[in-house]
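# Coordinate analysis (summary)
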Amino acid sequence: MAAKEKDKDLNDLFLDTLKDVYYAEKQILRALPKMAKAAHSDKLRAAFEKHHGETEDQVGRLEQIFEMIDKPARGKTCDAIQGLLDEGKEIMEEYKGSEALDAGMLAAAQAVEHYEISRYGTLKQWAQQLGMNDTVRLLDETLQEEKKTDEALTSLAEASVNLAAAA
Ligand SMILES: [Fe+2]
Ligand SMILES: [Fe+2]
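Just so it is clear, the structure is predicted and the values come from calculations on it, not from any experiment. By convention here, each chain's residues receive numbers from 1 onward along its written sequence. All chains are assigned letters beginning with A, and all ligands numbers beginning with 1, in the order in which they are written. In keeping with the model being predicted, local features are shown solely for residues with a pLDDT of at least 70 and side-chain atom pairs are shown and tallied solely at 80 or more, while totals for entire chains, interfaces and linings include all residues. Values shown for side chains rest on all heavy atoms present in the structure; no hydrogens or waters enter the calculation.

## What to know about the coordination of the iron ion (ligand 2)
Coordinating N, O and S atoms are those within 2.8 Å of the metal (3.2 Å for Na, K and Ca), and as water is not part of the atoms, a site may appear to have fewer donors than expected. In the first shell of the iron ion (ligand 2), the protein supplies H51 (NE2), E113 (OE), E113 (OE), E116 (OE) and E146 (OE), at 2.0 to 2.5 Å from the metal. Considered as a linear motif, the donors of the iron ion (ligand 2) on their single chain read H-x61-E-x2-E-x29-E. In this model, the iron ion (ligand 2) sits 3.2 Å from the iron ion (ligand 1), the two metals being bridged by E116. Residue E113 is found in helix α4 (residues 101-129), and its partner E146 is found in helix α5 (residues 133-166); the two are separated by 33 residues along the sequence. Each residue's exposure class comes from its accessible area (1.4 Å probe, protein chains only) as a fraction of the maximum for that residue type: buried when under 20%, exposed when over 50%, partly exposed otherwise. Residue E146 is classed as buried on the basis of its relative accessible area, which comes to 0%. Strands here are runs of E lasting at least two residues and helices are runs of H or I lasting at least four, both read from the DSSP assignment and numbered beginning at the N terminus.

Shown next as structure tokens:
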């Protein structure tokens, strides 16, 4: 992109943020199997595995969007997601074998979902403003998936994982 800083517009911002979330999803795709493997609770493991499959679809949707706007699918390093995933990794190391491990991983996973919900909410809003209707539809599909995942993790936390940590 050759646009000078002052000439940049909402299209540039949309593309930059799309690259950011594309990078994030790819990192999440690598982290989820490790989290599933570390989980003690079968239900938490199943939730991570299910979301891994959904994340593959989400990467595919982002690639469709890149194609629609005629840009190569390319990620842009996102320090925010890197930091969140590093924190999750830290919990996996520091709470290995502990009863509180699942509660910690669950909380880390929810922080990631909230990050994604924020990003997809913004992208959807901008796509609406830019009149990109097909893109809005794809972004909304992913946004709803992220929200459902967050809700599922909340129910899991309330129902069992946090109880096990407190026992
Ligand atoms: Fe995602
Ligand atoms: Fe997600």
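And the narrative resumes.
## Considering the side chain of H51
Along the chain, the position of H51 falls in helix α2 (residues 42-68). Any pair of residues with heavy atoms lying within 4.5 Å of one another is described as a contacting pair. For H51, the contacting residues outside a window of four places in its chain are L32, Q58, E113, E116, E146 and T149.

## Regarding the nonpolar core
The criterion is simple. A nonpolar core is a set of buried Ala, Val, Leu, Ile, Met, Phe, Trp, Tyr and Cys residues joined through side-chain atoms within 4.5 Å. Ranked by size, the top nonpolar core spans 24 residues in total, and within it M35, L44, F48, I81 and M105 carry the most contacts. Secondary-structure elements contributing two or more residues to this core are α1 (10-38), α2, α3 (79-94), α4 and α5. It is α1 that provides the largest number of residues to this core, a total of seven residues. The contact partners of M105, leaving out residues within four places of it in the chain, are M35, A38, A39, L44, F48, I91 and M92.

Just geometry here; none of it tells us what the structure is for.
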